[in-house]
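Notes for the structure review
Chain by chain, the residues run as shown.
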Number of protein chains: 2
Amino acid sequence: MTDSWVNSAERIGADLHVELAGSGSRRAALIRALRAAVQDGRLAPGTRLPPYRSLAADLGLARNTVADAYAELVAEGWLTARQGSGTRVAPRAEPPRPARAPKKVPRRAAAPAHNLMQGQPDAGSFPRGAWLSAARRALNTAPNEAFGPGDPQGRIELRRALAGYLARVRGVRTTPDRIVICSGFGHALRLLFGGQVLHGPLAVESYGLPFHRSLLAEAGVRTVPIGLDEQGARVAELTEGRERRERSDRSDRSDRSEGSGGLEGLEGSEGSEGSDGCEREVRGAARAALKGVRAVLLTPAHQFPTGGPLHPERRAAVVDWARARGRVILEDDYDGEFRYDREPVGAVQGLDPERVVYLGSVSKSLSPAVRLGWMVLPEQLVDPVLAAKGQREAWASVLDQLTLADLIESGGYDRHVRRMRQRYRARRDQLLAALDEHAPHITAAGIAAGLHAVLRLPPGTERAVLKATAWQGIALDGLAAYRHPDATMPGQDGLVVGYATPPDHAYQAALEALCRALPPTP
Amino acid sequence: MTDSWVNSAERIGADLHVELAGSGSRRAALIRALRAAVQDGRLAPGTRLPPYRSLAADLGLARNTVADAYAELVAEGWLTARQGSGTRVAPRAEPPRPARAPKKVPRRAAAPAHNLMQGQPDAGSFPRGAWLSAARRALNTAPNEAFGPGDPQGRIELRRALAGYLARVRGVRTTPDRIVICSGFGHALRLLFGGQVLHGPLAVESYGLPFHRSLLAEAGVRTVPIGLDEQGARVAELTEGRERRERSDRSDRSDRSEGSGGLEGLEGSEGSEGSDGCEREVRGAARAALKGVRAVLLTPAHQFPTGGPLHPERRAAVVDWARARGRVILEDDYDGEFRYDREPVGAVQGLDPERVVYLGSVSKSLSPAVRLGWMVLPEQLVDPVLAAKGQREAWASVLDQLTLADLIESGGYDRHVRRMRQRYRARRDQLLAALDEHAPHITAAGIAAGLHAVLRLPPGTERAVLKATAWQGIALDGLAAYRHPDATMPGQDGLVVGYATPPDHAYQAALEALCRALPPTP
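Residues numbered from 1 in each chain as written. Chains lettered and ligands numbered in written order. Predicted model: local features only at pLDDT ≥ 70, side-chain atom pairs only at ≥ 80, totals over all residues. Heavy atoms only, no water.

1. Some thoughts on the overall build of chain A
Counting its secondary structure elements, chain A contains 17 helices and 17 strands. Of the roughly 20500 Å² that chain A leaves accessible, carbon and sulfur atoms contribute 51%. (Helix = DSSP H or I, 4+ residues; strand = E, 2+ residues; numbered from the N terminus. Areas by Shrake-Rupley, 256 points an atom, 1.4 Å probe, with all protein chains shown as cover.)

Right, dumping it as structure tokens:
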């Protein structure tokens, strides 16, 4: 009986507040108390613990209870027991580190006074009540197997609901077995390209989301920009690049022989092509880069971020290109439900379901927090995508999938979208009214649809205006942030104003700050 | 006025059931009807549509309404309008493909009569009511920002709840800022190794989940097996491999110079090592392969699938190895909450939080359908993991995260785990009773914990017994399915019986079928 264990025993009984009368067995309580004392350093490494009978007497416990507790903690590695040397605190149980110091660089910049960043729906409008009602119905009626290992393709309830919804609202032609549920647009890109279902190079619009380009770069996919004008993406550049190549380089087929895309075999004869005066401007270098692209990523309903729909002739032309060449169109329908001044433009997918991968999500319509998206696939791509996803990769929450299916089938999703359409249209009108009053020389583009507008700025002024908006405490991007680094089309100056982002009460003040930052009337 | 458009107009008015009195505008109804007719081939490509005024008169509409509808469908690409040639169905709108033929090979094998596959909790026991109550509380109290873009680290509410829960139940020492939420164990492996946070080669137990090995192989990580015995993983092999290498190959440090793992710099002096008679068996080749492993993946609480806990001395030894070498231990605590005959063995992580990556999920405790898991990280790995995850990769549903946080804080999670522990213990006891009665010569291992047991079989009989179980309509695996292809330890024959999987009403019949398939008393 040394001082060391007597002190320990005292500490165990006193300082450590062993609540032997608490819930659970006294043995469990003793284990917890001793473990905690070792964890937080009150019992230092090497400290010898009192013999069973002594501690048992001190604490009014049976000797076996203490012996069991010691044995348990030896089993867990907190204590060591050696014949003849008693039970000691294990040498490796070090005292806890001090609480982690706060980061020097905060992970997110301090919140700006006014948030007009594009890309988010109004977070305050999430339909909590409707979602909970749908969740209750969905969880109460789901079969038990729904709580087992998931189908990587996604719940059939949701795929069925989406097939109907997308046909009705977006003119998408599909069946539930062509739909694969994923966690959003980024996840879809990762599966398609990271999973070797599709291969680069990939043509993209000269202005687009840098996040998508970096995802693609990570997957080793080269992106090649095509130009934009007031009719949308200049898809004829796809053909011009190709024609040039066919003329100058007919024997070089190396960049088409790799890869095993199921659609590669379908290359056919040259399709007739609508042509378009603007393409003449494209430089030879860009044309050369476009040769051999194997897919094109477009935002046909509402070019992101510049705002217009793809012209009908170009919709036709790009489908013709994909058919004639055995290529794939990726249709990013990120906000196709939000149109204000006309009927929705149907999805390009409806023109040829075997050539278009249609991609959508609830990130704009409900919330990015739900992490649910979908791919509508050509028949030949369904199995390759599922192979890339793998049996155990059903990453989208089944509970959310069942809930969304119910929300769509019950009409709650439509009601929410209609309500948000009205709200966002009012936001847009408020923006236009503010411009009208305070900056009538600034025109807004892309205003027929979506959750953002582009304010056109005089050439060369974007950086200065962004300094002024930052000075006003406004978070927003200029068009330059979205420009592809290899783009050859003339640069455009503008501000991308996300009018869905701020809460209602903060919106008018954000608009006033914005107008103060705009260049004065010339 | 040709026959062609008259027929079309008739079809539009009659067969197509244009519901102009339905919901929405008459113009929208007409657009829908025409679009549908083109989509499903009733209006063939090239068909000329009637002039506005004729169709307007037929259908009792204003002429402008028809003109608008045509213009919309031209904009969508369904129709083409050319000066002097009227409006026609666009040539590329092909008739729909016939419904997809059913797959020749079904994606999942037909359901067996009795499912004793390991790996799933009882799907019928998902706590629907408790989950819905937690969801209601969580959604009703969540701040609006919860529905905005997520924090890739995971919701603070859940990380806070987990830090408390894991400390209390598993002896994990952590703070919320060391926890990163993910979608399950597989996602964690992908982030750690695919994201270049950790590097191979990785030592793994000779028996383990093939899914994990294939995930690692996809990420380019070589796995090297270490042996198992009745005391768990023979972690001394890590040191022996290393010592041998240090002796024979001291100048070759190439495989340590790559990579930038934050823990690499901490390599220290040789730690003292408990040794263990069994390791003598390890062959030289295996020892050589173990040299230079940079991390080890273990299932210390309940070796998967063979069943024992890691011996206390080995827990200590592997932590010493990791410290002395600057290596990392990955602790897969896949079913640590389910122990039946003793207090839970605490997590190895508690011995040294700076050396152990602790990994857990709700896949066994609640349901794999929830897709929620967590990593508890050494401080130095938090930022690298977040960098690998990326700002936009918050793939775990925020709604589920908030709900689980509430379920834990409200005690509902503990209640569910307790209830399931009782249920699974009863299942296990039922299995043991059945064996006792019908196959007393077969011993069950790994029965102190978890959702599965291993029935030991006489050497060389596993394949024959698996044939017999298949004949009885039982889905289950033999031990061989879990063996690492490079394992050098002697093979073991056994059946891995997942006793949590079947629904209650089917369990007794499954056990009876199982006993019929076991080898007769010798």
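Next, the rest of the story.
2. Topic: the interface of chain A and chain B
The accessible area lost on association of the parts is a frequent measure of interface size. The interface is formed by 86 residues belonging to chain A together with 86 residues belonging to chain B. Summed over both partners, the interface of chain A with chain B comes to about 7700 Å²; 52% of that surface belongs to carbon and sulfur atoms. Seen at the junction of chain A and chain B, the total is zero salt bridges. Linking chain A with chain B are 12 residue pairs in polar contact (both at pLDDT 80 or more), by the criterion used here. The set of elements that each furnish at least two residues to the side of chain A that touches chain B consists of helix 2 (26–39), helix 4 (63–76), helix 5 (128–141), helix 7 (185–194), helix 12 (312–325), helix 13 (379–389) and helix 14 (398–409) of chain A. Ranked by residue count, the leading element in the side of chain A that touches chain B is helix 5 of chain A, at eight residues. Residue composition of the side of chain A that touches chain B, by class: 37 nonpolar, 18 polar and 31 charged. (Contact = heavy atoms within 4.5 Å. Buried area = accessible area lost by both parts, 1.4 Å probe. Salt bridge = Lys/Arg side-chain N within 4 Å of Asp/Glu carboxyl O. Polar contact = N/O pair within 3.5 Å; in protein donor to acceptor, adjacent residues only side chain to side chain. Nonpolar A, V, L, I, M, F, W, Y, C, P; charged D, E, K, R; others polar.)

3. Concerning the sheet that holds strand 11 (residues 356–361) of chain A
All names here are of chain A. If you walk across this open sheet you meet the seven strands as 4-12-11-10-9-5-6, and the pairing is mixed. At either end of the open sheet lies a strand with only one pairing partner, and these are strand 4 (179–182) and strand 6 (223–226). Strand-to-strand twist across the sheet, computed as the mean angle between neighbouring axes with direction ignored, equals 20°. With four bridges joining them, strand 10 (residues 328–332) and strand 11 adopt parallel strand pairing. Bridging across to strand 11, E331 finds its partner in Y358. (Pairing = 2+ DSSP bridges. Axes fitted to C-alpha atoms, helices over the stretch in contact; angles between N-to-C directions.)

4. Quick notes on the environment of R456 of chain A
All names here are of chain A. Turning to its location among the elements, R456 is positioned in strand 14 (residues 452–456). In this structure, the C-alpha to C-alpha distance between R456 and A445, residues 11 residues apart in sequence, is 7.1 Å. Once you skip the residues sitting within four places of it in the chain, R456 turns out to touch T306, I442, T443, A445, L479, Q492, D493 and G494. Within polar-contact distance, the side chain of R456 engages the side chain of Q492 at 2.8 Å.

5. Describing the pattern of salt bridges
Any two side chains of opposite charge can pair, so long as their charged atoms come close to each other. All names here are of chain A. Throughout the structure, instances matching the rule amount to 34 salt bridges over all chains. Between R427 and D122 there is a salt bridge, with its nearest N and O atoms 3.9 Å apart. Within this pair, whereas R427 is found in helix 15 (residues 412–438), its partner D122 is found in the loop between strand 3 (114–115) and helix 5, the two being separated by 305 residues in sequence. Judged on exposure class, the residue R427 and its partner D122 are both buried. Connected via shared salt-bridge partners are D122, R423, R427 and D504. (Buried < 20%, exposed > 50% of the residue type's maximum accessible area, 1.4 Å probe, protein only.)

6. Quick word on the side chain of Q153 of chain B
Residue and element names in this part refer to chain B. Mapped onto the elements, Q153 comes out in the loop between helix 5 (128–141) and helix 6 (156–170). Exposure remark for Q153: the relative accessible area of 2% places this residue in the buried category. A polar contact is formed between the side chain of Q153 and the backbone oxygen of I179, at a distance of 3.0 Å.

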